[in-house]
Amino acid sequence: MLSSSVAVMPRTPCGAAGLRLLVLAFCGHDLSAALQTPDRPNILFIAIDDLNDWVEPLSGHPQSLTPNLSVFADDSVNFTRNYCTSPGCNPSRSTLMTGYHTYTSGMYSNYQDWRKVPRLAQATTLGEYFRDNGYYSAGAGKIYHYSQVAPRTWDDYFPSQTNNMPEEFIPENNPVNMPEFKYMYRMFDWDALSFDDTETADYKSVSYINTQLEMSHSKPFFLAAGIYRPHLPWYVPKKYFDLFPLDQIRLPEVFADDTTDLGGRATELIGRGGGYHAHVLKAGKWQEAIQGYLASIAFADAMVGQLLEALENSRYAKNTIVVIWSDHGWQLGEKGHWRKFALWENLIRTVLMVKVPAGVESMPEGSARGKVVTDLTSLLDIYPTLVDLAGLPLRPDLEGTSLKPLLGYGKRSLDRSIITTYDFADYSVRYRNWHYINYVDGSEELYDLNRDPNEWHNLAGLTEFAATKNHLKGMLPDEVAALPESSLIDLKEHHVPPVKSREYYFSRERRDWLKRFDQVE
């Protein structure tokens, strides 16, 4: 049973009647098929956008309320040191869905169209591979990045194959609570909405998936649910804000001299887009913003609860593998930085939990319950793991590793490094307790996360850590794919142009663009 916390809203009968009719009319299924669970396991694939470690199973913030994720963690395997390929929605998601890393594909930035990156354009996507192997593949909400849809992945999609995200409510007076500054991303805002969950875009996506779970399927299914919150703007119903009284909000831990040992590129990333932290402080909005993020996380958790309840009440509960993941982390003032787009630990660390029910042919005993895995893992591991668990033909070309050996009750371990990139030439290496960052301008950072979990003390310049630093530096790839310029999209005035080469980083063209943010003299 799921938690009965106030954050879990009673599930209405799977969406409005019109949505039900739409699904029944256009899903392309034989609804008269016998009510029988297929031999191969089904997959429920739940993505949560911009969710950092501020969830109860990861203990990132003491006030976070995520009862459904907590209940699921108690019933699944929780990979607590999981990392994205890049701290941006587009490269993180497109590499996960194709199985190829940023530095081997050339897909580095939010400001690319992944479908115009040759290696990814030619790849067989995760949902497509299941579809090619006899699965019904459907989804709703944000799985791919906004308009960069991939109809070949799906048999059906809500709202449509060409528009993957239901329309969001945006107040006419947006931004509502964050005073706008020049070049601000206008969605950097929050508000307690007067209506209930049923009028939100995420509810509509979840309702579509819940309706699919009520139907009779003649094939095993791969169902992908994309939950958009806590992505900006933090517009969620008021009851979620009420869970976090403003006068009780706790700010992230910060260290006054945190950034004095950082190089030029890191300092630039902190001030990215006009220096959000200074504007938040000037407006006296730090507590409000954190309240908005916590409220949005609680709302997302409630959406997860509806999906899990629908599965639990369905005929598919005993034969459906569930994976819950987030695409990257987020910062809310740590190091004076906001949003994503940097390589520190709480920006590259993500949620990843997997549950395999007993009786699945590949794991007859099912996955362990309440197991915590602290070995380093990657979102790239999801594709080969699901292929392995479903008993599909293995894909040696995939660059992740199947986590199936870690899902059981045994003490198997995985000792390896994890690479994360930002733009073309900024690299993070996570290995055991160490975190090494190598930037395009040659500056470096090194942290011992056992002793310094907040990454306040950069050890890269200390002689006694030179051997460790060089060892980690040796884990960087020797050859990397170029960023295909034909994949770049048009920039808006608040965007920071991606570093498409080392030469471009030092170019006059780039410096001239950045002058608008007063980042470069």
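Residues numbered from 1 in each chain as written. Predicted model: local features only at pLDDT ≥ 70, side-chain atom pairs only at ≥ 80, totals over all residues. Heavy atoms only, no water.

*Asks:* Describe the packing of helix α7 (residues 201-214) against helix α11 (residues 286-312), naming the residues involved and giving the relevant values.
*Replies:* The interhelical angle for the contact between α7 and α11, taken along N-to-C directions, is 10 degrees, at an axis separation of 9 Å. Regarding the angle of α7 to α11, the classification is roughly parallel. Taken together, the residues of α11 that come into contact with α7 (itself represented by D202, Y203, V206, I209, N210 and L213) are F299, M303, Q306, L307, A310 and L311. The residue makeup of the contact of α7 with α11, split by class, is nine nonpolar, two polar and one charged. (Axes fitted to C-alpha atoms, helices over the stretch in contact; angles between N-to-C directions. Helix = DSSP H or I, 4+ residues; strand = E, 2+ residues; numbered from the N terminus. Parallel < 35°, antiparallel > 145°, perpendicular 65-115°, else oblique. Contact = heavy atoms within 4.5 Å. Nonpolar A, V, L, I, M, F, W, Y, C, P; charged D, E, K, R; others polar.)

*Asks:* So what about the sheet that holds strand β9 (residues 320-326)? Which residues, and what values?
*Replies:* In any sheet, the strands associate via hydrogen bonds between backbone groups, in a parallel or an antiparallel arrangement. On the basis of which strands lie adjacent, the open sheet formed by eight strands has the order β5-β4-β7-β1-β9-β13-β2-β14 and mixed pairing. Each end of this open sheet is capped by a strand with a single partner; those strands are β5 (156-158) and β14 (371-373). For this sheet, the mean inter-axis angle between neighbouring strands, taken without regard to orientation, is 15 degrees. Contacts from helix α2 (residues 67-74) reach β9 and β13 (352-355), with the element oriented near 55 degrees to β13. (Pairing = 2+ DSSP bridges.)

*Asks:* Which residues make up the confidence of the model for the chain, and what values do they have?
*Replies:* Confidence along the chain averages 92 in pLDDT terms, with 92% of residues attaining 70 or more. Segment residues 1-37: pLDDT under 50, and 74 contacts once partners within four positions in sequence are set aside and those in other chains are kept. (pLDDT = per-residue confidence, 0-100.)

*Asks:* Summarise the sheet that holds strand β18 (residues 434-438); cite the residues concerned and give the values.
*Replies:* Ordered in space as β16-β17-β18-β19, the four strands form an open sheet in which the pairing is antiparallel. With partners counted over all chains shown, the strands left at the sheet margins are β16 (417-422) and β19 (444-448), one partner each. Each strand axis lies, on average, 15 degrees off the axis of its neighbour in the sheet, ignoring direction. Bridge count for strand β17 (residues 426-431) against β18 is five bridges, and the pairing is antiparallel. Bridged to S428 within β18 is I437.

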